[in-house]
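What the coordinates show
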Amino acid sequence: QSLPQQKLLTWLSVLECVEVFAEMGTARVWGEMGRWTIIVLIQLAKAILRLLLLLWYKAGIQTSPPIVPLNREQQQPLHPQDMEDSSSGKDQTYVGRRSSRVVRSLQSTPSLQSRHWGSPQQREESQSRRAEELNQPPTPLGLQETIAESLYITRPLLHLLSLGVWGQRSWKPWLLSAVLDISSLSLLSDLKDLNRRERAELRRRTILLLYYLLRSPFYDRYSEGRILLLLRLLADYVPGVGFVTRPLMDYLPAWQKIYFYNWG
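Described below are features of the structure shown in this document. Computed from a prediction, not measured in an experiment: that's the story for all the values here. (Residues numbered from 1 in each chain as written. Predicted model: local features only at pLDDT ≥ 70, side-chain atom pairs only at ≥ 80, totals over all residues. Heavy atoms only, no water.)

**Overview of helix α5 (residues 143-166)**
This is how the line gets drawn: By definition, a residue's bend is the angle between the axes fitted to the seven residues ending there and the seven starting there. Counting from the N terminus, the helices are the DSSP runs of H or I reaching at least four residues and the strands are the DSSP runs of E reaching at least two.
Maximal helix bending in α5 amounts to about 45 degrees, located at T154; proline P156 follows within four positions. Positive backbone phi, at 95 degrees, marks G167, one or two positions downstream of α5.

Shown next as structure tokens:
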């Protein structure tokens, strides 16, 4: 990736990390008008950055989070003793005669801080496989797929616009957002030869369609009573589950009030 593209991904990641805090902080200081102003500004900035990545840098299907979190266990370098033993030709593993089980030899055991429970071969294979996945170029998008990804990127802005036109209690913003999400997924479903990250992103977007059961006005009119009843039954009749379901029941009303938890 070029340096400007990396900077765009960094800023996009920062926005996604602070959006909930910015919404709650602005609502606390400047009230509802300030809250909706910061929501519009953040969604507008995210849409501009994503469209630049899509149309200018040909970034393909964009994942969330934009920058893959670092897996420190897999990225941890080999212990110097392992490297020394490998360069000197010493065997780092021992194969059992009867069980054929591969275990690490005592001579190549690293320090406690850098110890892992797999064989050196497994660790090297996982590191090389992860590096290969990260270095895979994005799948080129045709006109149909570019339109589908553009629909997904601009959906938050269109939803906010529809909220301003028809109000928060109207079904039209909810239906418009659902149609855009389903249309985007339908257009992208014909795309073949996706890499692993892109396939995972499409699965994530498909699972997130369940959020429409928790989004107003559907949640207020249909889902709320049923979900609370289910959580209450689980808390009363399933031992141990109440430690999770009772705080969740208390948290749901607050969760419903945060736009970026619901629609972000």
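**Some details on the packing of aromatic side chains**
Our working rule: Any pair of Phe, Tyr and Trp rings, taking the six-membered ring for Trp, is counted once the centres come within 6.5 Å. Such a pair is stacked with planes under 30 degrees apart, edge-to-face with planes over 60 apart, and tilted for the rest. Here, a charge over a ring is recorded when the distance from Lys NZ or Arg CZ to the ring centre is within 6 Å and its angle to the ring normal is within 35 degrees.
Inspection of every chain in the model, using the stated rule, returns 10 aromatic pairs. Summarising the aromatic geometry, the rings of W171 and W174 are spaced 5.4 Å apart at their centres and angled 85 degrees between planes, so their arrangement reads as edge-to-face. Taken as a pair, W171 and W174 lie in helix α6 (residues 171-188) at a separation of 3 residues, close to a single helical turn. Following the ring pairs from residue to residue traces out a cluster consisting of W171, W174, Y212, F218, Y222 and W263. Just above the ring of Y152 sits the side chain of R205; from NZ or CZ to the centre is 3.7 Å. For R215, the ring lying beneath its charged end belongs to Y212, and the centroid distance is 4.5 Å.

**Considerations on the packing of α5 against α6**
Each packed pair of helices is defined by two parameters, the angle between the axes and the distance between the axes. The condition that has to hold: Between the N-to-C directions of two axes lies an angle of 0 to 180 degrees, each axis being a line fitted to C-alpha atoms and, for a helix, fitted only over the stretch in contact. Relative orientations are named as follows: roughly parallel for angles under 35 degrees, roughly antiparallel for angles over 145 degrees, roughly perpendicular for angles from 65 to 115 degrees, and oblique for any other angle. Whether two residues are in contact is decided by their heavy atoms, any of which lying within 4.5 Å being enough. Polar here means any residue outside two lists: the nonpolar Ala, Val, Leu, Ile, Met, Phe, Trp, Tyr, Cys and Pro, and the charged Asp, Glu, Lys and Arg; Gly therefore counts as polar.
Interhelical geometry of α5 versus α6 gives an angle of 175 degrees and a closest axis separation of 9 Å. Relative to α6, the element α5 is oriented roughly antiparallel. Each of Q144, E145, A148, E149, L151, Y152, R155, L158, H159, S162, L163 and W166 in α5 lies in contact with α6, whose residues at this interface are K172, P173, L176, S177, L180, D181, S183, S184, L187 and L188. Looking at the contact of α5 with α6 residue by residue, the class counts come to 11 nonpolar, 6 polar and 5 charged.

**Topic: the environment of T37**
For clarity, the cut-off: In protein, a polar contact requires one atom able to donate a hydrogen and another able to accept it; more generally it is a pair of N or O atoms within 3.5 Å, and residues adjacent in sequence count only if both atoms are side-chain atoms.
Position of T37 among the secondary structure elements: in helix α1 (residues 3-56). On a C-alpha basis, the gap between T37 and A27 in space is 9.8 Å, while along the polypeptide they are 10 residues apart. At 2.7 Å, the side chain of T37 and the backbone oxygen of M33 are in polar contact.

**Remarks on unusual backbone geometry**
Spelled out, the test is: Here the term buried applies to any residue with accessible area under 20% of the maximum for its type, exposed to any over 50%, and partly exposed to those in between, with areas from a 1.4 Å probe on protein chains only.
In this chain, S64 is followed by P65 through a cis amide linkage whose omega measures 5 degrees. Its location among the elements puts P65 in the loop between α1 and α2 (72-75). Here the bond from S216 into P217 is cis, since omega is 5 degrees, no more than 30 degrees from zero. On the secondary structure map, P217 appears in the loop between α7 (196-207) and α8 (218-237). One non-glycine residue with positive phi stands out, namely K58, at about 50 degrees. Relative to the helices and strands, K58 resides in the loop between α1 and α2. At D193, a position not held by glycine, the phi torsion is positive, near 60 degrees. Examined against the element boundaries, D193 turns out to sit in the loop between α6 and α7. Judged by its relative accessible area of 72%, D193 is exposed.

**Details of the pattern of salt bridges**
Side chains that differ in charge, positive against negative, can pair when their charged atoms come close. Put simply, the test is: Salt bridges are counted wherever a side-chain nitrogen of Lys or Arg sits within 4 Å of a carboxyl oxygen of Asp or Glu.
Counting across every chain of the model gives 9 salt bridges. Across the pair R35 and E23 runs a salt bridge whose closest N-O atoms are separated by 3.0 Å. For R35, a relative accessible area of 8% puts it in the buried group. Judged by its relative accessible area of 1%, E23 is buried. A salt bridge links R205 to E201, with the nearest nitrogen and oxygen atoms 2.9 Å apart. Of this pair, R205 and E201 both sit in helix α7, separated by 4 residues, roughly a single helical turn.

**A few points about the side chain of T146**
Checked against the element boundaries, T146 lands in helix α5. Engagement of the side chain of T146 in a polar contact is seen with the backbone oxygen of G142, the distance being 2.7 Å.

**Brief notes about the packing of α8 against helix α9 (residues 242-257)**
To keep it simple, the criterion reads: Helix crossings fall into two classes, left-handed where the near helix is turned counterclockwise from the far one by less than a right angle and right-handed where it is turned clockwise.
Relative to each other, α8 and α9 sit at 160 degrees, their axes nearing to 8 Å. Put simply, α8 runs roughly antiparallel to α9. As α8 runs across α9, the sense of the crossing is left-handed. Each of Y219, D220, I227, L228, L231, R232, L234, A235 and D236 in α8 lies in contact with α9, whose residues at this interface are G242, T245, R246, L248, M249, L252 and Q256. Across the contact of α8 with α9, the residue classes break down as 9 nonpolar, 3 polar and 4 charged.

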